[in-house]
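# Residue-level structure breakdown
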Amino acid sequence: LVGVGAGLAVVRQVLLAVDGHELRSTLEERVAARTGELQELADRHEQILGSVVEGIFGVDGAGRITFVNAAAERLLGWRSTVLLGRPACERVCAEDHDDCLLDAVLGQGRALPQTETVYRRADGALLPVEITATPLVGDGGQGAVVCFSDVAERALVEEMKRHFIS
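Rules of the game
- Sequence order as written defines residue numbering, which begins from 1 separately in each chain.
- Per-residue local features are limited, in this predicted model, to residues with pLDDT of at least 70; the limit for side-chain atom pairs, both in listing and counting, is 80 or more; totals at the level of whole chains, interfaces and linings are taken over all residues.
- The basis for every side-chain value is the complete set of non-hydrogen atoms in the structure, without hydrogens or water.
- For cavity detection a 1 Å grid was placed over the protein atoms alone, and a set of points counts as a cavity when a 1.4 Å probe fits there but cannot get out; an open set counts as a pocket when protein lies on both sides within 12 Å along at least five of seven lines, with lining residues being those that have an atom within 4 Å of a point.
- Grid points are joined across faces, edges and corners, and a volume is the space filled by probe spheres set on the points.
- Counting from the N terminus, the helices are the DSSP runs of H or I reaching at least four residues and the strands are the DSSP runs of E reaching at least two.
- In this classification, the charged set is Asp, Glu, Lys and Arg, the nonpolar set is Ala, Val, Leu, Ile, Met, Phe, Trp, Tyr, Cys and Pro, and all remaining amino acids, among them Gly, are polar.
- Contacts are residue-level and defined by heavy atoms, with any inter-residue pair within 4.5 Å sufficient.
- Salt bridge, as used here, is a side-chain nitrogen of Lys or Arg placed within 4 Å of a carboxyl oxygen of Asp or Glu.
- Here's how the labels work: a residue is buried when its accessible area is under 20% of the maximum for its type, exposed when over 50%, partly exposed in between, all with a 1.4 Å probe on protein chains only.

### What to know about empty space enclosed by the protein
Enumeration over the complete set of coordinates arrives at one cavity of 30 Å³ or more. Volume-wise, the largest cavity comes out at about 90 Å³. Lining of the largest cavity is provided by 15 residues; of these, Cys93, Cys100, Leu101, Leu102 and Tyr119 occupy positions nearest its centre. In terms of residue count, the dominant contributor to the lining of the largest cavity is strand E3 (residues 112-120) (three residues). Each residue belonging to the lining of the largest cavity can be placed in one class, and the counts come to 12 nonpolar, one polar and two charged.

### Considerations on the environment of Val59
Along the chain, Val59 turns up in strand E1 (residues 55-60). Counting along the chain gives 85 residues from Val59 to Ala144, while the straight-line C-alpha distance between them is 5.4 Å. Once residues within four sequence positions are removed from consideration, Val59 is found in contact with Arg64, Ile65, Thr66, Ala88, Leu102, Leu106, Gly143 and Ala144.

### A few points about the pattern of salt bridges
Under the definition given, this model contains five salt bridges. For Asp60, the salt bridge is made with Arg64, and the minimal N-O distance between the two is 2.8 Å. Here Arg64 falls in the partly exposed class, since its relative accessible area comes to 39%. Of the charged contacts, one joins Arg121 and Asp123 as a salt bridge, the two residues approaching to 3.6 Å between their closest N and O atoms. Judged by its relative accessible area of 23%, Arg121 is partly exposed.

So yeah, pure geometry; function would need other evidence.
The following block contains the structure:
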């Protein structure tokens, strides 16, 4: 009887091992499929950000730049590798860091309505921009996304209109 019980115990352990292996294989397949789906979604979002003509960058809760799209690189004259991890207010804001609009968004957690400010390009030139900023809150903490566009052309057109009318 002891031999039969030991044999049944071995059979039970083998069945549990087979079930565990099948379960692990199924879970690994599901994880691989979900990882592929998430990668496709990330690639799609990267394509969208890359095709937008407005500059877009994100910051973490401390105001450090976490991502930069191609338009922001072009408008600011900085490579993303130089911007990533750096404080946005120190790197791009031309105004006093104490008055940085981004700090207000991060501190208050409210969206910044469309407003104008001045950014500093990599070459030191001033770039008048129109910006909006929206706070982001998620599992990784808080941060914000900033969208901006160059308004220098618009100002030039307005100046030409004033000269033409006068």
